[in-house]
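Coordinates in review
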Amino acid sequence: MPLTKEYIRKQCEFAQQKTQAIVSFVVPEIQDKGRLKDVRIALKDNISLKGYPLQAGSKILEGYQCPYDATIVEKIKQSGGCIVAKTAMDELGMGGSGNNDIHGPVTYPWDANRIPGGSSSGCAALVAVDGADVAVGTDTGDSIRKPASYMGLVGLKPTYGRISRFGIVPYASSMDTVGILARSIEQVECVYYVLKGQDERDLMTFLPKSFEEASQKKQGLLRLAVFDSISEDADPVLKDRLQKLIEQLETKQTIKHVQIPRSLLPLIDPVYTVIANAEACSNHANLDGLRFGLSSKDQSVENIRSRGFSWEVKKRFLCGAYALHKENQERLFIKAQKIRRKLVDAYASMFTEADIVFSLTTPDVAPLISEYKEDASIGLSYLKLSNFSGYPSISIPFGHKEGLPFGLHLAAKPCREDLLLEAAKMFSQVIQEMDHV
């Protein structure tokens, strides 16, 4: 059925009433050809869309209008995609709850007392209630995959550098990755192949031929491994579901068990905190109210930044500035980089005998707002390993606990999105078979 502006408006208005996920309604441009023809696409509000506000959830960018399109927006338009809305997010990508947006919190569709997950909260919520078919956001630590798990969606974080970030407000440049959310693997796959590719305006993008893996054809069954130890603190319902999946897979092939040294696991969050906040502090030094966004003739730069950022962002900037201070760089920032390398080496070693490593995406369903803590458990913080390493990963729907969804996480070697998406389809089929036994 062809798209109509009336249908798009009706669905967006319904979704907004249910989730408060939209910060800007976009006048839809319906095209009659292209790979993304009739696909409704939402954009996270840190992505530049010419002629529309870009606020990234922050008061500091109040009143800023984008003068150009991000590279991914150009590709969406060229492929016939219909952009319908810009969505809410945790301020500047800093937060994992979906509650830290200047426009107000995003509502979890099935229980207003729970968090939707962030920072791509609006993207996930809008897709979950059919306000859009696909949403494009960013993933720096878990910002695509965590809300995908909480809302029963497919969420892909590609290999670092496979999709251009030109025209996107950064958080931590060494980990920022454009990600995709949708209700099916096929939709995610279609949009990924439209968006990927080298871009001379983002020097971190590359051609996949620089990796040997990308030119190799996989023969026979995919080698599968389960990531042990990270699910030990998971809810019993989720752990039982994972064990049943392993048993189902073992009827067809051997499933390896892999892990990284337990002594390294508690270091994931501290390392992320130091590196991400240090990079964010540097990246956002230009948000001073002088060049764009919030400004006042009667206030200093210090006062404008104090008024323009939430306490959560100020706290992260303070942490980043402290780590970058000359006296602390060796003790904090450089040490964190060294530990990151150890974590990446340990993570990479799990793939020496496996094509796909799988685990629970989150240790439980979406938590209650009253119980949510930014300090993540190991069963959640491990998602950052994909950002430390740049490896691609995906969360797919796995099951429900008391009517609320949770996801299964799959990861692959760099530039092997082909194997990752193939595995996602295979796992999805096995999960369906489990449910019909």
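Structure shown above.
Below you will find a few notes about this structure.

Cut-offs applied
- Residues numbered from 1 in each chain as written.
- Predicted model: local features only at pLDDT ≥ 70, side-chain atom pairs only at ≥ 80, totals over all residues.
- Heavy atoms only, no water.
- Salt bridge = Lys/Arg side-chain N within 4 Å of Asp/Glu carboxyl O.
- Buried < 20%, exposed > 50% of the residue type's maximum accessible area, 1.4 Å probe, protein only.
- Helix = DSSP H or I, 4+ residues; strand = E, 2+ residues; numbered from the N terminus.
- Phe/Tyr/Trp six-rings, centres within 6.5 Å; stacked < 30°, edge-to-face > 60°.
- Lys NZ or Arg CZ within 6 Å of the ring centre and 35° of its normal.
- Disulfide = S-S within 2.5 Å.
- Pairing = 2+ DSSP bridges.
- Axes fitted to C-alpha atoms, helices over the stretch in contact; angles between N-to-C directions.

**What about the pattern of salt bridges?**
Scanning all chains against the criterion turns up 29 salt bridges. The partner of Arg145 in a salt bridge is Asp139, and the shortest N-O contact between them spans 3.0 Å. Here the two residues Arg145 and Asp139 agree in accessibility, since each one is buried. Close ionic contact of Glu433 with Lys252 constitutes a salt bridge, the shortest N to O distance being 3.6 Å. In this pair, Glu433 sits in helix H13 (residues 417-435) while Lys252 sits in the loop between helix H6 (236-250) and strand E8 (256-258), placing the two residues 181 residues apart along the sequence. According to the relative accessible area criterion, Glu433 is partly exposed, its value standing at 30%. Taking relative accessible area as the criterion, Lys252 reaches 55% and is therefore assigned exposed. The structure contains a network of salt bridges with shared partners spanning Arg40, Asp130, Asp133 and Arg183.

**Focus on the packing of aromatic side chains**
Two aromatic rings, taken as a pair, are described by how far apart their centres are and by the angle between their planes. Under the criterion given, the structure shown has eleven aromatic pairs. Taking 5.3 Å as the distance between ring centres and 75° as the angle between the ring planes, the aromatic pair formed by Tyr347 and Phe351 counts as edge-to-face. Ring centres 5.3 Å apart and planes at 65° place the aromatic pair Phe351 and Tyr391 in the edge-to-face group. Residue Phe351 is found in the loop between helix H10 (329-349) and strand E9 (356-360), and its partner Tyr391 is found in the loop between helix H12 (384-389) and strand E10 (393-401); the two are separated by 40 residues along the sequence. Neither Phe351 nor Tyr391 differs from the other in exposure class; each is buried. These aromatic residues form a ring-pair network of at least three members: Tyr347, Phe351 and Tyr391. Above the ring of Phe398, the side-chain terminus of Arg241 is found at 5.2 Å from the ring centroid.

**Notes on the state of the cysteines**
Two cysteines whose sulfur atoms are joined by a covalent bond form what is called a disulfide. Evaluation of the coordinates by the stated rule reveals zero disulfides. Of the cysteine sulfurs around Cys12, a residue in no disulfide, the closest is that of Cys82, at 8.8 Å. You can see Cys123 has no disulfide; the closest cysteine sulfur is in Cys12, sitting 13 Å from it. Classification of Cys123 as buried rests on a relative accessible area of 0%.

**So, the sheet that holds strand E1 (residues 22-25)**
Pairing is mixed in the open sheet, where eleven strands are placed in the order E1-E3-E2-E4-E6-E5-E10-E11-E9-E7-E8. For this open sheet the edge positions go to E1 and E8, each flanked by a neighbour on one side alone. Between one strand axis and the next, the sheet turns by 30° as a mean value, whatever way the strands run. Sheet topology note: the strand E2 (residues 40-44)/strand E4 (residues 134-139) ladder contains three bridges and is parallel. Note that in E4 the partner of Ile41 across the bridge is Val134.

**A closer look at unusual backbone geometry**
Residue Ser119 is reached from Gly118 by a cis peptide bond, and omega for that bond is 10°. Positive phi, normally seen in glycine, also occurs at Asp38, with a value near 70°. Within the fold, Asp38 resides in the loop between E1 and E2. Located in the positive-phi region is Ser229, a residue other than glycine, with phi close to 75°. Residue placement: Ser229 occurs in the loop between strand E7 (224-227) and H6.

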